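Each chain is listed here by its residues.
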Amino acid sequence: QVQLVESGGGLVQAGGSLRLSCAASGRTFSTYAMGWFRQAPGKEREFVAAVSWSGDMYYVASVKGRFTISRDNAKNTVYLQMNSLKPEDTAIYYCAADESGFGIPATRFHSWGQGTQVTVSS
């Protein structure tokens, strides 16, 4: 099973930017779909973005145009560039892997990182 380690979270003012990184173990990273999810206090975990093995990208409507997911297969790393951050983006962000490679539906994701906290102040 792939091991995932997130980094890059922190405290930022509204309108600011952060880039999250997720480093994955294993030799088959390029065949996985990779995704980002988040969980705000008192809420269920929600899908944020995913990138398939072939580079197809998917976003939840609330982050379209502000967040960009990307992957670097040579580094076994997936990124989430977050711009124009809003207080409602505050959450723990989790990286996840989908060995099917497709990335949709979100229920395919089966391996999870430990999460990284993102806090956006108003």
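Residues numbered from 1 in each chain as written. Predicted model: local features only at pLDDT ≥ 70, side-chain atom pairs only at ≥ 80, totals over all residues. Heavy atoms only, no water.

J.: How should I be thinking about the overall build of the chain in this particular structure?
T.: Regarding its fold elements, the chain presents 0 helices and 11 strands. The C-alpha radius of gyration computed for the chain amounts to 13 Å, which stays within 12% of the reference 14 Å derived for 122 residues, consistent with globular compactness. In terms of its C-alpha atoms, the chain occupies a principal-axis envelope of roughly 40 × 25 × 25 Å. For the chain, buried positions account for 45% of its 122 residues. (Helix = DSSP H or I, 4+ residues; strand = E, 2+ residues; numbered from the N terminus. Rg over C-alpha atoms; globule rule 2.2 N^0.38 Å. Buried < 20%, exposed > 50% of the residue type's maximum accessible area, 1.4 Å probe, protein only.)

J.: In this structure, what is going on with the nonpolar core? I would like to understand it.
T.: For soluble globular proteins, the rule of thumb is that nonpolar side chains tend to be buried together. Ranked by size, the top nonpolar core spans 28 residues in total, and within it Met34, Trp36, Val78, Leu80, Met82 and Tyr93 carry the most contacts. Of all elements in the fold, only strand E3 (18-24), strand E4 (33-39), strand E5 (46-51), strand E7 (67-72), strand E8 (77-82), strand E9 (91-98) and strand E11 (116-121) reach the threshold of two or more residues within this core. Those residues within four positions of Met82 in sequence are excluded, and the remaining contacts are Gly16, Ser17, Leu18, Leu20, Arg66, Phe67, Tyr93 and Val118. Phe47, Ala50, Ala96 and Phe109 belong to the second-largest nonpolar core, a separate cluster that totals 5 residues. (Core = buried A, V, L, I, M, F, W, Y, C linked by side-chain atoms within 4.5 Å. Contact = heavy atoms within 4.5 Å.)

J.: Would you explain the state of the cysteines in this entry?
T.: The bond known as a disulfide is covalent and runs between the sulfur atoms of two cysteines. Tallied over the full model, the rule gives 1 disulfide. The disulfide that involves Cys22 links it to Cys95, with 2.1 Å between the sulfurs. Looking down the S-S bond of the Cys22 and Cys95 bridge, the torsion is -80 degrees, so its handedness is left-handed. Here the residue Cys22 occupies a position in strand E3, and Cys95 occupies one in strand E9, the gap between them amounting to 73 residues. For the pair Cys22 and Cys95, a shared accessibility class is recorded, and that class is buried. (Disulfide = S-S within 2.5 Å.)

J.: What should I look at first to understand the environment of Arg108 in this one?
T.: Inspection of the secondary structure puts Arg108 in the loop between E9 and strand E10 (111-112). Remark: the alpha-carbon pair of Arg108 and Ala97, spanning 11 residues in sequence, is separated by 8.4 Å. Excluding its chain neighbours within four sequence positions, the residues that come into contact with Arg108 are Ala97, Asp98, Ser100 and Phe102. Within polar-contact distance, the side chain of Arg108 engages the side chain of Ser100 at 3.4 Å. (Polar contact = N/O pair within 3.5 Å; in protein donor to acceptor, adjacent residues only side chain to side chain.)

J.: Explain the side chain of Arg38 here, please?
T.: Positionally, Arg38 belongs in strand E4. Polar contacts involving the side chain of Arg38 include one to the side chain of Ser62, which spans 3.5 Å. A distance of 2.9 Å separates polar atoms of two side chains, one belonging to Arg38 and the other to Tyr93. When sequence neighbours within four positions are dropped, the list of residues in contact with Arg38 reads Glu44, Arg45, Glu46, Val48, Ser62, Val63, Phe67, Asp89, Ala91, Ile92 and Tyr93.

J.: I would appreciate a short explanation of the sheet that holds E7 in the present structure.
T.: Pairing between the strands of a sheet comes from backbone hydrogen bonds, and it takes one of two forms, parallel or antiparallel. Strand order across the open sheet formed by 4 strands is E1-E3-E8-E7, with antiparallel pairing between neighbours. Single-partner strands in this sheet number two, and they are strand E1 (4-7) and E7. When strand polarity is set aside, the average angle formed by the axes of neighbouring strands in this sheet is 15 degrees. Pairing of E3 with E8, which is carried by 6 bridges, proceeds in the antiparallel orientation. Its bridge partner being in E8, Leu18 is matched across the sheet by Met82. (Pairing = 2+ DSSP bridges. Axes fitted to C-alpha atoms, helices over the stretch in contact; angles between N-to-C directions.)

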